[in-house]
Amino acid sequence: MAYTLKMRLWRGDQSGGELKDYDVEVESGEVVLDAIHRVQATQAGDLAVRWNCKAGKCGSCSAEVNGRPKLMCMCRLSDYDEAETITVTPMRTFPVIRDLVTDVSYNYEKAKELPYVELPPRDADGRRRMMQEDVERGQEFRKCIECFLCQNTCHVVRDHEDNKVSFAGPRFFLRYAELDMHPLDTVDRTKVTREEAGLGYCNITKCCTEVCPEGIHITDNAIIPMKERVVDRTYDPLVWLGNKIGIRDKDRDSRTEV
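In this text the structure is predicted, and so the values were computed from the model without any measurement. (Residues numbered from 1 in each chain as written. Predicted model: local features only at pLDDT ≥ 70, side-chain atom pairs only at ≥ 80, totals over all residues. Heavy atoms only, no water.)

*Asks:* How do you make sense of the overall build of the protein chain when you look at a structure like this?
*Replies:* The number of helices and strands found in the protein chain is 11 helices and 7 strands. Across its three principal axes, the protein chain shows a C-alpha extent of roughly 70 × 40 × 25 Å. Within the span of the protein chain, comprising 258 residues, buried residues form 45% of the whole. Contacts in the protein chain between residues at least 24 apart in sequence constitute 63% of all its contacts with a sequence separation of at least 6. Accessible area of the protein chain: about 13800 Å², with a carbon and sulfur share of 49%. Between the mean site of the 38 positive side-chain charges and the mean site of the 45 negative ones, the protein chain shows a separation of 3 Å. (Helix = DSSP H or I, 4+ residues; strand = E, 2+ residues; numbered from the N terminus. Buried < 20%, exposed > 50% of the residue type's maximum accessible area, 1.4 Å probe, protein only. Contact = heavy atoms within 4.5 Å. Areas by Shrake-Rupley, 256 points an atom, 1.4 Å probe, with all protein chains shown as cover. Lys, Arg positive; Asp, Glu negative; His and termini not counted. Charge placed at Lys NZ, Arg CZ, Asp CG, Glu CD.)

This is how it looks when you write it as structure tokens:
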């Protein structure tokens, strides 16, 4: 059923902007991105908005809907009261380019800092073998669509711009965990995760998990296990002794030679 939706959209660029009101005809079965497109087609042809698949899989249409980080293509209008004004603003953590489009290049710079996977030589028959259980452990992490909503909602960078230099953020802790849990990987990322990626800044409030459109348990299955690994390898007295007398180094070398 059609009705008139009241929308409030942020319009502006790097120099500043403001919220502007629009009334637009919509259907209750549509999503917020549909309403944005109708405003764009009928009232504000210069409205800038980033989108691609409109199916919740490309991660392009990230924004804040009524103050909550969401994918606009996954926000059904039927979830809101018809008399309610829906306010859409750009992601707050990243610099605004124009209107609802933000500069998310910070994330791609952080991606460059990730130590890549290093595998041991193949078996004699030219193959590498893993247990199915080990393969499945990392499957959840690969569901990430890089919408960067978790990065946007993380208060470590959302409220402290200067932390961006030394903090990778939940999306990349997910990647660190995926690589570190790979059964064949030979790289020890403990020092990098702690000193360069800033894992210690995270105080596991789970806000990143709450906004993930793919339902990835970022905190419980990636960040907390990585914190435990860092603590074990850095502060466990038995591990410290093993490092001191070279046991861990010998063990790592032997695994690499297999």
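*Asks:* Please clarify how the environment of Gly 29 should be interpreted in this entry.
*Replies:* Looking at the element boundaries, Gly 29 is found in the loop between β2 (16-27) and α1 (32-42). Classification of Gly 29 as exposed rests on a relative accessible area of 54%. Along the backbone, Gly 29 and Lys 110 are 81 residues apart, and their C-alpha atoms lie at a distance of 38 Å.

*Asks:* Please explain the pattern of salt bridges as it appears in this structure.
*Replies:* Side chains carrying opposite charge are able to pair once their charged atoms draw close together. Per the stated rule, a full pass over the model turns up 24 salt bridges. One salt bridge in this structure joins Asp 23 and Lys 6, with 3.8 Å as the shortest N-O distance. Here Lys 6 lies in strand β1 (residues 2-13) and Asp 23 lies in strand β2, a separation of 17 residues in the sequence. The class for Asp 23 is partly exposed, based on a relative accessible area of 45%. (Salt bridge = Lys/Arg side-chain N within 4 Å of Asp/Glu carboxyl O.)

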